[in-house]
Amino acid sequence: MSSSAPSPSLAPHGRAGLARRGLMLVLSSPSGAGKTTLSRRLLESDAHITMSVSVTTRPPRPGEVEGRDYFFVDAAHFEAMREAGDLLEHATVFGNFYGTPRAPVEEALGAGRDVLFDIDWQGTQQLDESAGEDLVKVFILPPSAQDLEKRLRTRAQDSDAVVRHRMEQASEEIRHYSEYDYIIINDDVAESLHKLTAILEAERLKRRRLTGLTEFVKGLHAAL
Ligand code: 5GP
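Reading the values: the criteria
Just so you know, the residues in each chain are numbered from 1, in the order the chain's sequence is written. For this predicted model, a pLDDT threshold of at least 70 governs which residues receive local features, and a threshold of 80 or more governs which side-chain atom pairs are given and counted, while totals over whole chains, interfaces and linings are taken from all residues. Note that the side-chain values use all heavy atoms of the structure and ignore hydrogens as well as water. Note on method: axes are straight lines fitted to C-alpha atoms, helices fitted across the in-contact stretch only, with angles between N-to-C directions ranging 0 to 180 degrees. To qualify as a helix, a DSSP run of H or I must reach at least 4 residues; to qualify as a strand, a run of E must reach at least 2; elements of each kind are numbered from the N terminus. Crossing handedness follows the turn of the near helix against the far one: under a right angle anticlockwise gives a left-handed crossing, and clockwise gives a right-handed one. Contact between two residues is taken to exist if any of their heavy atoms lie within 4.5 Å; hydrogens are not considered. Each residue gets one of three labels, nonpolar for Ala, Val, Leu, Ile, Met, Phe, Trp, Tyr, Cys and Pro, charged for Asp, Glu, Lys and Arg, and polar for the others, Gly among them. By convention in this text, a residue qualifies as near a molecule or strand provided that one of its non-hydrogen atoms is within 4 Å of it. Two N or O atoms count as a polar contact when they lie within 3.5 Å, although within protein this holds only if one can serve as hydrogen donor and the other as acceptor, and sequence-adjacent residues are included solely when both atoms are side-chain atoms. Accessibility throughout is a Shrake-Rupley quantity obtained with a 1.4 Å probe, and a residue counts as covered only by protein chains that appear here. One requirement defines pairing of two strands: DSSP has to find at least two bridges between them. Lining residues are those with an atom within 4 Å of a point, where the points come from a 1 Å grid over the protein atoms alone and group into cavities, where a 1.4 Å probe fits but cannot get out, or pockets, open sets with protein on both sides within 12 Å along at least five of seven lines. Grid points are joined across faces, edges and corners, and a volume is the space filled by probe spheres set on the points. Think of it in three bands: with a 1.4 Å probe and only protein chains considered, a residue is buried below 20% of the maximum accessible area for its type, exposed above 50%, and partly exposed in between.

Novice: Can you explain the packing of helix 5 (residues 145–154) against helix 6 (residues 160–174)? Please cite residues and give values.
Specialist: Relative to each other, helix 5 and helix 6 sit at 145°, their axes nearing to 10 Å. For the pair helix 5 and helix 6, the sense of crossing is right-handed. The residues of helix 6 that touch helix 5, namely those facing Ala145, Leu148, Glu149, Leu152 and Arg153, are Asp160, Val163, Arg166, Met167 and Ala170. In the contact of helix 5 with helix 6, the residues fall into six nonpolar, no polar and four charged.

Novice: Please set out the site of the ligand residue by residue, giving values where relevant.
Specialist: If you check the shell around the ligand, you find 17 residues, and the closest are Ser54, Arg58, Tyr70, Tyr98 and Asp118. The side chain of Glu89 places a nitrogen or oxygen atom 2.7 Å from a nitrogen atom of the ligand. Here Asp120 contributes a side-chain N or O atom positioned 2.8 Å from a nitrogen atom of the ligand. Within the complex, the protein chains bury 94% of what would otherwise be the 500 Å² of accessible surface of the ligand. Breaking the shell around the ligand down by element, the ones donating at least two residues are strand 5 (87–93) and strand 6 (96–101).

Novice: Outline the sheet that holds strand 3 (residues 55–56), listing residues and values.
Specialist: The four strands lie next to each other as 4-3-6-5, forming an open sheet whose pairing is mixed. What marks the edges here is a single partner per strand, and that holds for strand 4 (71–72) and strand 5. With six bridges connecting them, strand 5 and strand 6 associate as antiparallel partners. What sits directly across from Leu87, in strand 6, is Pro101.

Novice: With reference to specific residues and values, describe the layout of surface pockets.
Specialist: Picture a little ball the size of a water molecule; that probe, rolled over the atoms, points out where space is still empty. Its boundaries defined by the atoms lining it, the largest pocket holds a volume of some 1200 Å³. Looking at the largest pocket, it is lined by 46 residues, and the ones nearest its centre are Lys35, Thr36, Arg61, Tyr70 and Asp118. Contributions of two or more residues to the lining of the largest pocket are made by helix 1 (35–45), strand 5, strand 6, helix 4 (121–131) and helix 6. Sort the elements by how many residues they give to the lining of the largest pocket and helix 1 lands first, with seven residues. Class assignment for the residues of the lining of the largest pocket results in 14 nonpolar, 16 polar and 16 charged.

Novice: Lay out the side chain of Ser31 with the relevant residues and their values.
Specialist: Mapping Ser31 onto the fold places it in the loop between strand 1 (24–28) and helix 1. Classification of Ser31 by relative accessible area gives buried; the value is 17%. Reaching out from Ser31, the side chain makes a polar contact with the side chain of Arg166 at a distance of 2.7 Å. Filtering out sequence-adjacent residues up to four positions away, Ser31 remains in contact with Phe94, Leu148, Leu152, Arg155 and Arg166.

What follows is the structure, given as structure tokens:
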């Protein structure tokens, strides 16, 4: 094929990208393992992935922004969304309801964008049933129990009782590591981001996601 020939199956994913299905990247971890920081860094460094913003009945923490960190709703609103089928998955965590609004995810995937989910193991199991092969599941572990406790304690907004409770919950959450495709031990954020980016890049190249591949190869054959 000459370099000036139009190539409709190239893009929308940049220089060498073929058209492909968007993927759903799930990050789960015990609270305090650094998942939120890692998610933010990934979103800053990768233009093709969008965050799924959950709805929750938990009150906002200082610094959290409506519509960026969560949509903060009351229990009645949450129930109404659940009843209407507007949630892709939902779970109760630490006594509060959390759920993933369906419409923005379907919209992003339809446009060939990837979607990042910061959800727990219960939500991941539900997405696994509905999304199957579009799902890539990554579990983040802390390097040690001491490290986890230190991170929980330095999160100033959580009280002693909350920290203790979250340490107990961490043990429960960690039990589910084997349900995930990839494990990252988050010793160093830059290193973990590098690993996460590598996972994402490799998953994007999976043949079954490349909807533009047949056309592209046909074009190659025609020009050979
Ligand atoms: P936090 O209250 O610390 O923001 O979140 C508590 C836990 O709830 C975290 O493990 C987080 O991943 C999980 N979570 C947040 N949003 C959702 C959601 O929409 N669905 C599910 N299943 N879990 C969520």
